[in-house]
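As a plain string of letters, each chain reads:
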Amino acid sequence: MDAKMHAIAKSCKGFLEDDEGLRLYELAREAAVLGPVVEIGSYCGKSSVYLGCGAREAGGALLCIDHHRGSEEHQPGEEYHDPELFDEHVGLLDSLPELRRSIADAGLEDTAVPIVASSPRAAEIVATPVGMVFIDGGHSEEAASTDYESWSGKIASGGILAIHDLFPNPEEGGQAPINIYRRALATELFDELPTTGTLGALRRR
Ligand code: MG
């Protein structure tokens, strides 16, 4: 990854380790030739910069899907609430301006296309087979299941399903992401690729 872009990605707000981000960059660069890369849960754009740089190198595109009202853990009073992202006028979180800054900083405005919508609503609109889906949205069982059910069937043969926040040990983190990872594996439609940190990757057969 280009050193300047790498520095921008590292400076973005977000909850993604650098080795996981570099893995996303590599996966997106490979998968974007098959169709658009879809990111569920862009938040402030940290993973968008890694994914977008990979997609751009392949001449592809990235769809950054997020309702931008924050997940459960971002709400006021919760562990990961960021007061800088609170929109007093609406009385809700709004991470879209920060995402747009990240995309602009990385010069990705022709590659990374934000879609401000819930993941299932966006899935109703995006009909084309996609090259890659990265699921990093809500971490409740219901949110993760909805993301999985909405998007996993859209991945082109040879494409990638990546899922963040896999914790094989339940004492280390929530189980919703790893539960959908296991569901995908159980379909026998995917082959397991090496995991990077808490980032799992599967290839569609
Ligand atoms: Mg995450």
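Before reading on, note that the structure itself is shown above.
About the criteria used
- Residues numbered from 1 in each chain as written.
- Predicted model: local features only at pLDDT ≥ 70, side-chain atom pairs only at ≥ 80, totals over all residues.
- Heavy atoms only, no water.
- 1 Å grid on protein atoms, 1.4 Å probe; cavity = no way out; pocket = protein on both sides within 12 Å on 5 of 7 lines; lining within 4 Å.
- Points joined across faces, edges and corners; volume = space filled by probe spheres on them.
- Helix = DSSP H or I, 4+ residues; strand = E, 2+ residues; numbered from the N terminus.
- Nonpolar A, V, L, I, M, F, W, Y, C, P; charged D, E, K, R; others polar.
- Buried < 20%, exposed > 50% of the residue type's maximum accessible area, 1.4 Å probe, protein only.
- Contact = heavy atoms within 4.5 Å.
- Donors = N, O, S within 2.8 Å, 3.2 Å for Na, K, Ca; no water.
- Disulfide = S-S within 2.5 Å.
- Axes fitted to C-alpha atoms, helices over the stretch in contact; angles between N-to-C directions.
- Parallel < 35°, antiparallel > 145°, perpendicular 65-115°, else oblique.
- Left-handed = near helix turned anticlockwise from the far one by under 90°.

(A) Layout of the layout of surface pockets. A volume near 830 Å³ is recorded for the largest pocket. Considering the residues around the largest pocket, the lining is formed by 40 residues, among which Ser71, Glu73, Asp136, Gly137 and His139 are closest to the centre. Looking at the lining of the largest pocket, the elements that each hand over two or more residues are helix H3 (46-57), strand E2 (62-66), helix H5 (119-125) and helix H6 (141-151). With four residues, H6 is the largest single contributor of residues to the lining of the largest pocket. A breakdown of the residues in the lining of the largest pocket according to their chemical character gives twelve nonpolar, 19 polar and nine charged.

(B) Local environment of H6. Listed in full, the buried residues belonging to H6 are Ala144, Ser145, Asp147, Tyr148, Ser150 and Trp151. Residues of H6 that are buried sit in contact with strand E1 (37-40), E2, H5, strand E6 (130-135), strand E7 (155-163) and helix H7 (176-186).

(C) View of the coordination of the magnesium ion. Asp136 (OD), His164 (ND1) and Asp165 (OD) make up the full set of protein donors to the magnesium ion, lying at 2.1 to 2.3 Å. Site description for the magnesium ion: donor spacing in sequence, D-x27-H-D. With a gap of 28 residues between them, aspartate 136 in the loop between E6 and H6 and histidine 164 in the loop between E7 and H7 connect regions that are remote in the sequence.

(D) Structural context of the state of the cysteines. Going through the model one piece at a time under the given rule, you end up with zero disulfides. The thiol sulfur of cysteine 53 is not disulfide-bonded, and the nearest other cysteine sulfur, from cysteine 12, lies at 9.6 Å. Assessed through its relative accessible area of 3%, cysteine 53 is described here as buried. Looking at the unpaired cysteine 64, the closest cysteine sulfur is the one in cysteine 12, lying at 11 Å. Residue classification places cysteine 64 among the buried positions, given a relative accessible area of 0%.

(E) Spatial organisation of the packing of helix H2 (residues 18-31) against H3. Where H2 meets H3, the axes come as close as 7 Å, and the angle between the chain directions of the two elements is 30 degrees. On the basis of their axis angle, the class for H2 and H3 is roughly parallel. Between H2 and H3 the crossing geometry is right-handed. Only Ser47, Tyr50, Leu51, Cys53, Gly54, Ala55 and Glu57 of H3 make contact with H2, whose side of the interface consists of Asp18, Gly21, Leu22, Leu24, Tyr25, Ala28 and Arg29. Class assignment of the residues belonging to the contact of H2 with H3 gives a composition of eight nonpolar, three polar and three charged.

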